[in-house]
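# Breakdown of the fold
Now for the letters of each chain:
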2 protein chains.
Amino acid sequence: MEIDGYLRDRAAHVEAELARRLADPERGIEPKLLEAMCYSTLDAGKRIRPILLLASGEACGGSLTELLPFACAVEMVHCYSLIHDDLPSMDDDDFRRGRPSNHKVFGEAVAILAGDGLLTEAFALLAAPGGGIEPERRIAAVRELATAAGAGGMVGGQVADLLAEGTGAPLAVVESIHRRKTGALLRAAVRMGGLLAGGTEAELERLDAYGGLIGLAFQVADDLLDETGNVAATGKHAARDRARGKSTYPSALGVDGARDRLRGLLAQAIAEIEGFGPRGEALRGIAGRVASRAL
Amino acid sequence: MEIDGYLRDRAAHVEAELARRLADPERGIEPKLLEAMCYSTLDAGKRIRPILLLASGEACGGSLTELLPFACAVEMVHCYSLIHDDLPSMDDDDFRRGRPSNHKVFGEAVAILAGDGLLTEAFALLAAPGGGIEPERRIAAVRELATAAGAGGMVGGQVADLLAEGTGAPLAVVESIHRRKTGALLRAAVRMGGLLAGGTEAELERLDAYGGLIGLAFQVADDLLDETGNVAATGKHAARDRARGKSTYPSALGVDGARDRLRGLLAQAIAEIEGFGPRGEALRGIAGRVASRAL
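Please read all numbers here as calculations on a predicted model, not as lab measurements. (Residues numbered from 1 in each chain as written. Chains lettered and ligands numbered in written order. Predicted model: local features only at pLDDT ≥ 70, side-chain atom pairs only at ≥ 80, totals over all residues. Heavy atoms only, no water.)

## Some details on the overall build of chain A
Our working definition: Counting from the N terminus, the helices are DSSP H or I runs at least four residues long and the strands are E runs at least two residues long. Radius of gyration here uses only the C-alpha atoms, and the compact-globule reference equals 2.2 Å multiplied by the residue count raised to the power 0.38. Accessible area is worked out with a 1.4 Å probe on protein chains only. A residue is then buried under 20% of its type maximum, exposed over 50%, and partly exposed in between. Whether two residues touch is decided by their heavy atoms; if any such pair falls within 4.5 Å, the residues are in contact. The Shrake-Rupley method, run with a 1.4 Å probe, gives the accessible areas here. Residue values count only the displayed protein chains as cover. Lys and Arg are tallied as positive, Asp and Glu as negative. Neither His nor the chain termini are counted. For charged residues, the charge sits on one atom: NZ in Lys, CZ in Arg, CG in Asp, CD in Glu.
Check the secondary structure of chain A and you find 14 helices and two strands. A globule of 295 residues ought to have a C-alpha radius of gyration of about 19 Å, and chain A, at 18 Å, matches this closely. Its C-alpha atoms give chain A principal-axis dimensions of roughly 50 × 50 × 35 Å. Scored against the burial criterion, the 295 residues of chain A give a buried share of 58%. A separation threshold of at least 6 residues defines the contact pool for chain A, and within that pool the share at least 24 residues apart is 73%. Surface accessibility of chain A: about 10,700 Å² in total, with carbon and sulfur atoms responsible for 51%. Within chain A, the 42 negative side-chain charges are centred at a point lying 2 Å from the centre of the 34 positive side-chain charges.

Structure below.
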C-alpha cells in the first residue's frame, strides 16, 4: 500500500460525503448558517480523524461505504471544536489553516451557532437512517463520540487548557490536558471504527492502545512543528503555545528529547497493531506519516 | 389526576436524575466546568420538556424509570441552548430565570463550553449503558433529538432570529422562527417519549400533532406573558422582544386575538390526543397548564 495515495483517496471520500450531507437542500438550513458550517468543514483539511476511523474499521473488515458517514461525524465534531476554540473569549485566534477563522468571517454569534450545528449534526449522522450498520453498534458509537467530545473529554480539556494559561503548568499537567483536548477524539475515532465494523474484543483492545498512543504522538508532533515554526504545517502561529506560558514537549524535553519521545510512541503504536497483519497496513502508514511530518 | 401534583412529582424526578448524572465524581469533570453546567441545569426550572417526554411515554405504556434519562437529555439540550442564547454576541441577556446568566457568573469561555458540554452530555445519556430500552429505539431518539436541536431546527431558528432582529419581521416569519427555535424541541420531546415507549404508528401520529400544537401554544403564551409584563413567570424582561422590533402574537393579533389563538391551539392539541383515553390525562393537564399560565 502506498500510504499517501490511501490518505488522498480517503480524504477525498470524506470531503465528498461531508459536502453531500451538509448541502442537502431538502433540509432547509438557514443559508448563512450553512455557509458558516461549510466554511470550516469543507476546507480540504487533512481529515486525519475520519481516516483513522476508516482505517481501523477496514482493519476489522468493515466497508468504506458503511463507515463513511460515521467518519464524517467525527470530522464534524473536530471542526466544531476548532470554531469554538478560536473564539475571542477562548484562544482568540484570527487564523485557522491559513484562512481567517470562522468568527472573523461570520461574526461571533453565527460562529458559535455553526459550531453548535456541526456538533449536533454529527449525532444526527450517527443515527441517520440507511446503511447496514446495526443499531447496537451505532449506539456504541454515539456513546464513544459523546464521551470523548464531552465534559470528561474534549470540552473538559479545553476548560483545563484555558485555566492553565500563564500558570507555567508542568508537562504532566499539559499531557493530561492534551489527552482530553485532542487525544480523546483521536482515540475515539480509532475505537469507533473497530466498534462499527464489529471488531473482536482482542481487536478493539489493540485499536484502543494504538489510538491512545497516536493521540499522544500527535501532540508531540504538533509541539515539535510549533517549535520549529512550520506555520504551513500547523496552520498556527509558531511557538504560540510556548509564548502563552504553556509547557510543550520540546520545552520540557528539548527538541531531540521530544523527537525521541515521538519515535518511541509511534514504534509502540505500530507494535500494538501487529496482530492485524496486512489489514493493519493503513494504520501503520498513518503512524509513519505522523513521524515523517514532524521528524 | 391532579396535574399540579403530577408536574411537581415528575419535575422532582428530573431534578434528582440530572443531579445524579452530572455529579458522578467518577467522571472527573473539571470542577469549574461542572459547576457552570450545574448552575444552568440544577436550577429548579419548570422541566416542561422532560415532563412532556415522560407524559407522552407514559401515555404509550412506558415506565418512568426507563424514560427518565432520556427526559434529562432533552432538558440538557434546552439548558445548553439558554446558555448560548444569553451570550453577549447573541441575545446579550444578563439574567435568566431571575438569576445572573451563566456567562455573567463564569465568563464567556466557560459558559460556551458549559453549553457544549451539556449538548454533548445529552447524547451520552441517550446512549448510556443500562436501562431496558432497546438500541433501535435509542437510535431513533438520537435522530429525533439531533434533528430538532440542529441546524434544521433549534440552531437554525436562533440564527434566523438573530438575522431578523430589527427588521420588523411579519408574524409568518416570526412563527417560522419559533417553530424551529422553540417548537422543534418541544415537539421532539413529545415524539421521543412515544418512540422510546414503543408507541404504535397511530399513537405516534397523535403525539406528533399534539407536540406541534403545544410548541406553538407555548410561544403564544410566552408572548402574552411578555406583553403583560410578568417577569416572574417568564424570567425575562417584559416586552423585550417587542422592543427589539420583533413581531409577537399580541402585537399582530392584539392581546384578545392572541388569547383566542392560544385557546384554539390548546383545544386542538387536546382533541388530537383524545384517543389515549385516561392514559392521556397528563398530556391534557399540561395543555391546560399552558392555558392557565397565560390566560
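## Details of the relation of the copies chain A and chain B
Each of the two copies of the chain can be brought onto the other by a rotation about an axis and a shift along it. What counts here: The copies were overlaid with a least-squares fit restricted to C-alpha atoms from residues scoring a pLDDT of at least 70 in each copy.
Of the transformation superimposing chain A on chain B, the axial component is 0.0 Å and the angular component is 180 degrees, with the fit at an RMSD of 0.0 Å. Expressed as a symmetry operation, the mapping of one chain copy onto the other fits a two-fold axis. If distances are taken from each C-alpha of chain A to the rotation axis, the shortest is found for Pro-135 of chain A, at 2.7 Å. A shared interface surface links the copies, since 100% of the contact residues of chain A are contact residues in chain B too.

## Observations regarding the packing of aromatic side chains
Basically, it comes down to this: Each Phe, Tyr or Trp ring, with Trp reduced to its six-membered ring, pairs with another whose centre is within 6.5 Å; inter-plane angles below 30 degrees give stacked pairs, above 60 give edge-to-face pairs, and intermediate values give tilted ones. Cation placement over rings: the criterion is NZ of Lys or CZ of Arg within 6 Å of the ring centroid and within 35° of the ring normal.
Enumeration according to the criterion identifies three aromatic pairs over all chains in this entry. On the basis of an interplanar angle of 75 degrees and a centroid distance of 5.5 Å, the ring pair of Tyr-39 of chain A and Phe-106 of chain A is categorised as edge-to-face. Within this pair, whereas Tyr-39 of chain A is found in helix 2 (residues 31-39), its partner Phe-106 of chain A is found in helix 5 (residues 102-106), the two being separated by 67 residues in sequence. With a relative accessible area of 17%, Tyr-39 of chain A lands in the buried category. An angle of 5 degrees between the planes, with centres 4.3 Å apart, marks the rings of Phe-123 of chain A and Phe-123 of chain B as stacked. One end of the pair, Phe-123 of chain A, is in helix 6 (residues 108-126); the other, Phe-123 of chain B, is in helix 6 (residues 108-126), on a second chain. Given the relative accessible area of 0%, Phe-123 of chain A is considered buried. For the cation-ring pair, Arg-99 of chain A lies above Tyr-39 of chain A, with the distance from its terminal atom to the ring centre recorded as 3.9 Å.

## Here's the deal with the pattern of salt bridges
Residues and elements named next belong to chain B. Worth spelling out the cut-off: Salt-bridge detection follows one rule: a side-chain nitrogen of Lys or Arg within 4 Å of a carboxyl oxygen of Asp or Glu.
In the structure shown here, the tally under the stated rule is 44 salt bridges over all chains. Note that Asp-43 and Arg-97 form a salt bridge whose closest N and O atoms lie 2.6 Å from each other. With Asp-43 in the loop between helix 2 (31-39) and helix 3 (48-59) and Arg-97 in the loop between strand 1 (95-96) and strand 2 (99-100), the pair connects residues that are 54 residues apart, well separated along the chain.

## Here's the deal with helix 7 (residues 135-149) of chain B
Our working rule: What a helix is expected to span follows from its residue count: subtract one and scale by 1.5 Å.
Taking 1.5 Å of rise per residue, the 15 residues of helix 7 of chain B would be expected to cover 21 Å, and the 21 Å separating its terminal C-alpha atoms lies within 8% of that figure. Where helix 7 of chain B is concerned, the buried positions are Arg-138, Ile-139, Ala-140, Ala-141, Val-142, Glu-144, Leu-145, Ala-146, Ala-148 and Ala-149 of chain B. Where helix 7 of chain B is buried, its residues touch helix 6 and helix 7 (135-149) of chain A together with helix 4 (64-86), helix 6, helix 8 (154-164) and helix 9 (171-196) of chain B.

## Thoughts on the side chain of Gln-158 of chain B
Rules: Under this definition, polar contacts are N or O atom pairs within 3.5 Å; protein pairs additionally need one hydrogen-donor-capable and one acceptor-capable atom, and for neighbouring residues in sequence, both atoms have to be side-chain atoms.
Note that Gln-158 of chain B resides in helix 8. Of note is the side chain of Gln-158 of chain B, whose polar atom sits 2.8 Å from the side chain of Lys-181 of chain B. Each residue touching Gln-158 of chain B, except ones within four places of it in the same chain, is listed here: Leu-113 of chain A together with Asp-85, Met-90, Asp-91 and Lys-181 of chain B.

## Some details on the nonpolar core
The test is simple: In plain words, nonpolar cores are sets of buried Ala, Val, Leu, Ile, Met, Phe, Trp, Tyr and Cys residues tied together by side-chain atoms within 4.5 Å.
Counting residues in hydrophobic clusters, the biggest one holds 193 residues, and the most contacted among them are Leu-52, Phe-123 and Leu-145 of chain A together with Phe-123 and Leu-145 of chain B. Beyond its immediate chain neighbours, meaning those up to four positions away, Phe-123 of chain B contacts Thr-120, Phe-123, Val-142 and Ala-146 of chain A together with Val-142, Leu-145 and Ala-146 of chain B.

## Some details on unusual backbone geometry
Its identity as a non-glycine residue notwithstanding, Asp-92 of chain A has a phi of 50 degrees, on the positive side. Relative to the elements of secondary structure, Asp-92 of chain A occurs in the loop between helix 4 (64-86) and strand 1 (95-96). A positive phi angle, close to 60 degrees, is found at Arg-47 of chain B, a residue other than glycine. Considering the arrangement of structural elements, one finds Arg-47 of chain B in the loop between helix 2 and helix 3.

## With respect to the environment of Glu-272 of chain A
All names here are of chain A. Structurally, the position occupied by Glu-272 is in helix 13 (residues 249-272). Spatially, the C-alpha atom of Glu-272 lies 10.0 Å from that of Arg-284, the residues being 12 residues apart in sequence. The residues touching Glu-272, leaving out its near neighbours within four places in the chain, are Arg-206, Ala-209, Tyr-210 and Leu-213.

## Focus: the interface of chain A and chain B
Which entries qualify depends on this criterion: Two parts lose some accessible area (1.4 Å probe) when they are put together, and adding that loss for both gives the buried area.
With 44 residues of chain A in contact, the opposing surface of chain B contributes 44 residues. For the pair chain A and chain B, the summed buried area comes to about 3,700 Å², and 77% of that belongs to carbon and sulfur atoms. At the junction of chain A with chain B, the criterion picks out two salt bridges. Its salt-bridge partner being Arg-180 of chain A, residue Glu-30 of chain B comes within 2.9 Å of it at the nearest N-O pair. Between chain A and chain B we count six residue pairs in polar contact (both at pLDDT 80 or more) in total. Elements with a contribution of two residues or more to the side of chain A that touches chain B: helix 2, helix 4, helix 6, helix 7 and helix 8 (154-164) of chain A. With 11 residues, the top contributor of residues to the side of chain A that touches chain B is helix 6 of chain A.

## Examining the state of the cysteines
What counts here: A pair of cysteine sulfur atoms is labelled a disulfide when the two atoms are within 2.5 Å.
Under the criterion given, the structure shown has zero disulfides over all chains. No disulfide involves Cys-60 of chain A; its sulfur sits 19 Å from that of Cys-72 of chain A, the nearest cysteine. By relative accessible area, which is 10% here, Cys-60 of chain A ends up buried. Considering cysteine sulfurs only, Cys-79 of chain B is the nearest to Cys-38 of chain B, which forms no disulfide, with 11 Å between them.

## Digging into the packing of helix 4 of chain A against helix 7 of chain A
Between two packed helices, the angle of one axis relative to the other and the distance separating the axes together describe the packing. Residue and element names in this part refer to chain A. We apply this condition: Between the N-to-C directions of two axes lies an angle of 0 to 180 degrees, each axis being a line fitted to C-alpha atoms and, for a helix, fitted only over the stretch in contact. Here the angle decides the label: under 35 degrees means roughly parallel, over 145 means roughly antiparallel, 65 to 115 means roughly perpendicular, and every other value means oblique. Crossing handedness follows the turn of the near helix against the far one: under a right angle anticlockwise gives a left-handed crossing, and clockwise gives a right-handed one.
At a closest axis distance of 11 Å, the pairing of helix 4 and helix 7 adopts a crossing angle of 15 degrees. Taken together, helix 4 and helix 7 sit at an angle that is classed as roughly parallel. Seen from above, helix 4 lies across helix 7 with right-handed handedness. Of helix 7, the residues touching helix 4 (which contributes Phe-70, Ala-73, Val-74 and Val-77) are Arg-138, Leu-145 and Ala-149.

## A closer look at the packing of helix 4 of chain B against helix 9 of chain B
Residue and element names in this part refer to chain B. For the record, the criterion: When residues are sorted by character, Ala, Val, Leu, Ile, Met, Phe, Trp, Tyr, Cys and Pro go into the nonpolar class, Asp, Glu, Lys and Arg into the charged class, and all the rest, Gly among them, into the polar class.
Their axes nearest at 10 Å, the elements helix 4 and helix 9 cross at an angle of 170 degrees. With respect to each other, helix 4 and helix 9 are oriented roughly antiparallel. Taken together, the residues of helix 9 that come into contact with helix 4 (itself represented by Leu-67, Phe-70, Val-74, Val-77, His-78 and Asp-85) are Lys-181, Leu-185, Ala-189, Met-192, Gly-193 and Leu-196. For the contact of helix 4 with helix 9, the class distribution of residues is eight nonpolar, two polar and two charged.

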